[in-house]
Structures are given as structure tokens and as C-alpha cells.
Amino acid sequence: MDYSNLRRQIISMKKSLFDQKRLLLRAKFLFTTKLIFFIFLPVLFLQGYLDEQFNQLEELQDDSSPNFVEEVVALFFKDSSRLLTNIEQALEKCPQDFYRLDSLVHQFKGSGSSIGALRMKNECSMFKAHCNERNLEGCRRSLQKMKREHATLKQKLETYFQVNSTL
Amino acid sequence: MAGAAVERKVIRVLLVEDEEIHRVLARALLKAVGGVVLDEAGNGAEAVRRVREAGAYDLILTDRQMPVMDGHEATRQIRDLGVTTPIVGLSSDCLDSDIDAFIKAGADDFTPKPLSKEKLNRILAKYNIA
């Protein structure tokens, strides 16, 4: 019996099986990733994190600006982190300058609405209403909610862009 | 004339906006319209200077809240120069008081932020610009 030939055939079959297994795992990964990707964003819309404005950004993305959405979102999170810090500092000043607070939150709201950050926009409106009433405790509660919404949306969009980049 | 190319009109727009994110969005929207030459001013005072120096614009889009000079005052001063270019106020709030203040200052229209394709097309169609 030609054992060396048999051994070669077994090695070749093992390699082929291994390659097929690797291909299958890769296909499974891509399928799962695409599935996650295609339901991930609609879920953000359904949960009220994003509104139609996000779709506007996606429509503006093209071959000449292939990362437009991610760049605009990154710009928002850079600006908004700074604004949140400024709002927090302004709230802690005594006496509070509600005019300045309103102005800062106005900027934050406008910035958030540019990327379709619906929940944050709504919370900003609540904050402005509290400012109008000189309701410091209301402002503080709203700020905490704004920070939570901000952190959650940042995490979700980072995940979305990470998944997007693997496809 | 048969076979003659139709020359597309160039639209000169002045965007008065201090925040980069809004400028980035407006730039992309206006680029998508095509044929737009865009000038930008970071505040109302710069906008008035540009209008004085650069001549006629087809459209001025101005934010309300800006450092140095806000959109209301910039609109007033631009109108005082005798400029009749359509001026559209922009703001994240659409309180009646904001809209009234812009119109009283001499703006022709107001649109709430964020700017979108639909809002921009409505403005361009209203003033027969594109």
C-alpha cells in the first residue's frame, strides 16, 4: 500500500476541510455583522435616539465625502463634550446666569439637532424651559439626563461606525 | 440655437454662522445643489463687511445667536446698506418672538435649524434662485 500517497491525500483533505471551516466562519461573521448593521440603525430610530436628520446626513455622503456622516458626528461629540462641561460649570456658579445657561444649551440643542439627536434635543428643550422659570433644580436634573443621553448615543454611534467599517 | 449648451447660473450665497457643525452641513447641502459659490462669515459684523465689500449675493443665510454681532443686528445693518438680497434667518428655536425679530430687522424668511435638503430647496424655489 502506498502509505505516503495516502498520507498526502489525508493532509490535503484536512487542509481543505480547515479552509472550508474558515470560510464558513467568515461567512457566518459577515452575515451576522450585516444583520446587526441593518437592524442597528432602525432600532436607534425606533427608540427615539435619532430622527430623520440622520438620514439627511447619510444622503449627503458620497464618493467625494465617503466619511461625511462619521466626520459630522465626530465634530458634534467634540463640540458637545466641551459644551456640557461649560454648562456644568455655569450651573455651579453663584448666582447662576440663566441667560448664559440658556445660550449654552441653545448651542448644544442646535448642534445635536444637526445630527438628528432627538432625545438630546428634547432634553435641551426641557432644560431651556427650566432656565426660563429660573428653576435651578430642574436645570440640574435636565443636565444629568442630557449627559446620560449624550453618553449613550456616543456609545451606540461608535458601535455603528465600527460595524460599518468592517463591512 | 440647436446644440447650444445652457449656461447654468452661478448662485452666490453668504452663510453667516459661527458654529462649525452647521457650516459643514450647510456646505454639503449647498454643494449638492450645484453651481453655488459660497462665502462664509463667522459673525454678523463679518457678514456686514463682506456684503459691503463683495457686492451682490443671491441669498444670505444667517444664524441668530453669534458672538460680536447677532443675526438680527446684522440683518438690520445689511438692509441699511440698501441691499435687497433675500435674507433668511436660521435658529434652533422657532419661537414667534425670534421669527418676528428677524422679520422686523428686515429678513424675508425664517427657517428652523437644522438646515435640510427640503428646507433649502424651498428657500431656493421661493426666491427663484436655482
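Quantities reported herein were computed from a predicted structural model and do not represent experimental measurements.

Parameters and conventions
Residues numbered from 1 in each chain as written. Chains lettered and ligands numbered in written order. Predicted model: local features only at pLDDT ≥ 70, side-chain atom pairs only at ≥ 80, totals over all residues. Heavy atoms only, no water. Phe/Tyr/Trp six-rings, centres within 6.5 Å; stacked < 30°, edge-to-face > 60°. Helix = DSSP H or I, 4+ residues; strand = E, 2+ residues; numbered from the N terminus. Buried < 20%, exposed > 50% of the residue type's maximum accessible area, 1.4 Å probe, protein only. pLDDT = per-residue confidence, 0-100. Pairing = 2+ DSSP bridges. Right-handed = clockwise from strand over helix to strand, strands pointing away. Contact = heavy atoms within 4.5 Å. Buried area = accessible area lost by both parts, 1.4 Å probe. Salt bridge = Lys/Arg side-chain N within 4 Å of Asp/Glu carboxyl O. Polar contact = N/O pair within 3.5 Å; in protein donor to acceptor, adjacent residues only side chain to side chain. Nonpolar A, V, L, I, M, F, W, Y, C, P; charged D, E, K, R; others polar.

On to the packing of aromatic side chains, then. All names here are of chain A. Applying the stated criterion across every chain, the model contains seven aromatic pairs over all chains. Note on Phe-40 and Tyr-160: the rings are 6.4 Å apart at their centroids and 15° apart in plane angle, and the pair reads as stacked. Of this pair, Phe-40 sits in helix α1 (residues 3-46) while Tyr-160 sits in helix α6 (residues 136-166), placing them 120 residues apart in sequence. The class for Phe-40 is partly exposed, based on a relative accessible area of 22%.

On to the confidence of the model for chain B. All names here are of chain B. When pLDDT is averaged along chain B, the result is 91, and 93% of the positions lie at 70 or above. By mean pLDDT, helix α4 (residues 96-105) is the weakest element of chain B at 92, and strand β3 (residues 59-63) is the strongest at 97. In the predicted assembly, ipTM is 0.83 and pTM is 0.82.

Attention now goes to the pairing of strand β4 (residues 87-91) of chain B. Residue and element names in this part refer to chain B. Along β4, five of the five residues are buried, which leaves the element largely enclosed by surrounding structure. Alternating residues of β4 divide into Ile-87, Gly-89 and Ser-91 and Val-88 and Leu-90, and every residue in both groups is buried. Summarising the sheet, β3 and β4 pair through four bridges and their orientation is parallel. Note on β4: the bridge partner recorded for Ile-60 is Ile-87. Where the polypeptide runs from β3 across helix α3 (residues 71-80) and back to β4, its parallel neighbour, the crossover connection is right-handed. Here β4 runs beside strand β5 (residues 109-112); their pairing, made up of four bridges, is parallel. The partner of Gly-89 across the bridge, within β5, is Phe-110. On the question of chirality, the crossover connecting β4 to the parallel β5 by way of α4 is right-handed.

Between chain A and chain B, the residue contacts involve 22 residues of the former and 21 residues of the latter. Summing the contributions of chain A and of chain B, the shared interface buries around 1700 Å²; its carbon and sulfur component is 55%. Contact with chain B buries surface across chain A, with A:Gln56, A:Leu60 and A:His106 losing the most and accounting together for 31% of the total. A salt bridge links B:Lys117 to A:Glu59, with the shortest nitrogen-to-oxygen separation between them at 3.1 Å. Across the chain A-chain B interface, the total number found is six residue pairs in polar contact (both at pLDDT 80 or more). Those elements giving two or more residues to the side of chain A that touches chain B turn out to be α2 (52-60), α3 (68-92) and α4 (98-114) of chain A. At eight residues, α4(A) tops the list of elements feeding residues into the side of chain A that touches chain B. A class-by-class count of the residues in the side of chain A that touches chain B yields seven nonpolar, eleven polar and four charged.

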